[in-house]
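The residues making up each chain are set out below.
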Amino acid sequence: MGNTVAREDFEWVYTDQPHADRRKEILAKHPEIKALMKPDYNLVWVVVLMVLAQLTAFYLVKDLDWKWVVFWSYVFGSCISHSMTLAIHEISHNSAFGNSKAMWNRWFGIFANLPLGLPYSISFKRYHMDHHRYLGGDGIDVDIPTNFEGWFFCTRFRKFIWIVLQPFFYAIRPLCINPKPITRLEIINLLAQLAFDVAIYYLWGVKSMFYMLAGSVLGLGLHPISGHFIAEHYMFLKGHETYSYYGPLNLLTFNVGYHNEHHDFPNIPGKSLPLVKKIAAEYYDNLPQYNSWIKVLYDFVMDDTISPYSRMKRQLKGEVKQD
């Protein structure tokens with residue numbers, strides 16, 4: 001099922017990530033972008049509606065035949081679950097209530113986490129901030145695959161399996177690369193999630209539980225939206241570390257496809273990233289970009305020069321401050 005890819009290690013680079021320098025240049029030329037650095041209060045109502053939609057779905061599937069539970073888990077549950085992980089991504093950047101109310105964002109992230117079935121929000125926040133500060137940092141950025149992933153998932157068939165199993169690798173990888181002591185908020189996140197899961201099982205039974213958990217796993221695995229995991233930072237073109245996607249699935253993903261813009265301005269909510277691109281078009285229009293996450297997934301599997309090793313990696317110097 002395909003030959004072993006040529007790459008046998010990550011692309012080690014000895015320069016800083018490009019986003020900080022580009023941010024300074026853009027702000028010097030377009031200071032009006034600073035006006036976009038404010039909370040998106042509409043995010044609160046969108047998340048509440050998404051939670052209510054999933055609660056309704058939990059109730060509706062409880063008496064369906066198993067084939068329909070599986071069907072709706074993939075067709076609807078997976079979409080809204082993956083979308084909710086990206087809402088949590090927005091919340092991790094304090095986009096719901098602003099930096100002055102950081103704890104409001106943490107509690108709201110725990111609430112948004114509930115229909116996913118597995119505790120995620122607080123731990124994601126801790127590791128995601130490292131991803132922005134130390135993009136590609138060896139031993140710090142857990143978005144970078146392990147050496148085992150790069151070595152083993154090196155054929156077309158194995159890369160396909162890797163995509164299917166992505167949620168498991170994202171869950172296990174931090175424990176292998178950069179384990180951190182458990183915090184009080186993570187324990188609260190876990191207890192709140194367990195209480196919610198027990199309540200769903202008690203009220204509506206095993207089919208509702210299956211729908212919730214299967215939707216989360218399927219939505220983060222072999223799914224069109226999951227193309228963003230690979231599209232964001234996998235090096236399809238040598239020398240380019242971050243890529244944006246400008247297709248229609250941004251409507252379901254809080255504009256996470258605007259990824260160069262997001263790394264340049266992580267304190268601007270996803271809603272406003274298209275405005276960043278419009279204002280500073282001379283910086284973004286000529287960067288490599290995608291219009292189809294499905295094609296990204298296909299190309300990743302079928303291109304024998306691309307693998308989990310196709311990432312830029314840095315040996316960090318100086319003091320490293322982690323959450």
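Residues numbered from 1 in each chain as written. Predicted model: local features only at pLDDT ≥ 70, side-chain atom pairs only at ≥ 80, totals over all residues. Heavy atoms only, no water.

**Student:** Where do I start with the overall build of the chain in this structure?
**Tutor:** Along its length, the chain carries 15 helices and four strands. Its C-alpha radius of gyration of 20 Å places the chain within 12% of the 20 Å reference for a compact globule of 323 residues. In terms of its C-alpha atoms, the chain occupies a principal-axis envelope of roughly 55 × 50 × 40 Å. Within the chain, buried positions represent 54% of all 323 residues. Taking the contacts inside the chain whose residues are at least 6 apart along the sequence as the reference set, 79% of them involve residues at least 24 apart. Surface exposure of the chain reaches about 15400 Å², of which carbon and sulfur atoms provide 66%. Counting 31 positive and 29 negative side-chain charges, the chain places the averaged centre of each group 3 Å from the other. (Helix = DSSP H or I, 4+ residues; strand = E, 2+ residues; numbered from the N terminus. Rg over C-alpha atoms; globule rule 2.2 N^0.38 Å. Buried < 20%, exposed > 50% of the residue type's maximum accessible area, 1.4 Å probe, protein only. Contact = heavy atoms within 4.5 Å. Areas by Shrake-Rupley, 256 points an atom, 1.4 Å probe, with all protein chains shown as cover. Lys, Arg positive; Asp, Glu negative; His and termini not counted. Charge placed at Lys NZ, Arg CZ, Asp CG, Glu CD.)

**Student:** What exactly am I supposed to notice about the side chain of Ser-78 here?
**Tutor:** Following the sequence through the fold, Ser-78 ends up in helix H3 (residues 66-92). Residue Ser-78 is classed as buried on the basis of its relative accessible area of 0%. The contact partners of Ser-78, leaving out residues within four places of it in the chain, are Ser-73, Gly-215, Leu-218, Gly-219 and His-223.

**Student:** Before we go on, may I ask you to explain empty space enclosed by the protein in this structure?
**Tutor:** Which parts of space are left empty comes out when a probe the size of a water molecule is rolled across the atoms. Overall, the coordinates contain three cavities of 30 Å³ or more when judged by the stated rule. There is about 40 Å³ of room inside the largest cavity. Lining the largest cavity are Leu-135, Gly-136, Ile-144, His-233, Glu-241, Arg-311 and Met-312. (1 Å grid on protein atoms, 1.4 Å probe; cavity = no way out; pocket = protein on both sides within 12 Å on 5 of 7 lines; lining within 4 Å. Points joined across faces, edges and corners; volume = space filled by probe spheres on them.)

**Student:** Any chance you could explain the UniProt feature "transmembrane region" (unreviewed entry) in the chain here in plain terms?
**Tutor:** Within this structure's numbering, the places UniProt gives as "transmembrane region" (unreviewed entry) are residues 43-61, 68-87, 107-124, 187-204 and 210-231. With 61% helix and 0% strand, residues 107-124 has its two end C-alpha atoms placed 14 Å apart. Secondary structure across residues 210-231 comprises 68% helix and 0% strand; the distance between its end C-alpha atoms is 29 Å. (UniProt positions renumbered as here; feature names shortened; annotations may be inferred.)

**Student:** So what exactly am I meant to see when it comes to a nonpolar patch on the surface here?
**Tutor:** A grouping of Trp-68, Phe-71, Trp-72, Tyr-74, Val-75, Phe-76 and Leu-218 is seen on the molecular surface, where their side chains present a nonpolar patch of about 610 Å² in accessible area. Owing to a relative accessible area of 32%, Leu-218 belongs among the partly exposed residues under this scheme. (Patch = residues over 30% accessible without salt bridge, like charges linked within 9 Å, V, L, I, M, F, W, Y side chains within 5 Å. Salt bridge = Lys/Arg side-chain N within 4 Å of Asp/Glu carboxyl O.)

**Student:** Whenever I open this one, the packing of H3 against helix H4 (residues 102-113) confuses me. Can you help?
**Tutor:** In a packed pair of helices, the relevant descriptors are the angle between the two axes and the axis-to-axis distance. Close contact between H3 and H4 brings their axes to 9 Å; oriented N to C, the two are set at 175°. Classified by the interaxial angle, the pair formed by H3 and H4 is roughly antiparallel. Every residue of H4 that contacts H3 at Met-84, Ile-88, Ile-91 and Ser-92 is listed here: Asn-105, Arg-106, Phe-108, Gly-109, Ala-112 and Asn-113. Split into classes, the residues belonging to the contact of H3 with H4 amount to five nonpolar, four polar and one charged. (Axes fitted to C-alpha atoms, helices over the stretch in contact; angles between N-to-C directions. Parallel < 35°, antiparallel > 145°, perpendicular 65-115°, else oblique. Nonpolar A, V, L, I, M, F, W, Y, C, P; charged D, E, K, R; others polar.)

**Student:** Mind showing me how you'd approach the pattern of salt bridges here?
**Tutor:** Any two side chains of opposite charge can pair, so long as their charged atoms come close to each other. Tallied over the entire structure, the rule returns 15 salt bridges. The partner of Glu-186 in a salt bridge is Arg-126, with the nearest N and O atoms 2.8 Å apart. Placement of the pair is Glu-186 in helix H9 (residues 184-204) and Arg-126 in helix H5 (residues 121-133), with a sequence separation of 60 residues. Like Glu-186, the residue Arg-126 is buried in the burial classification. With a closest N to O distance of 2.9 Å, Asp-285 and Lys-277 form a salt bridge.

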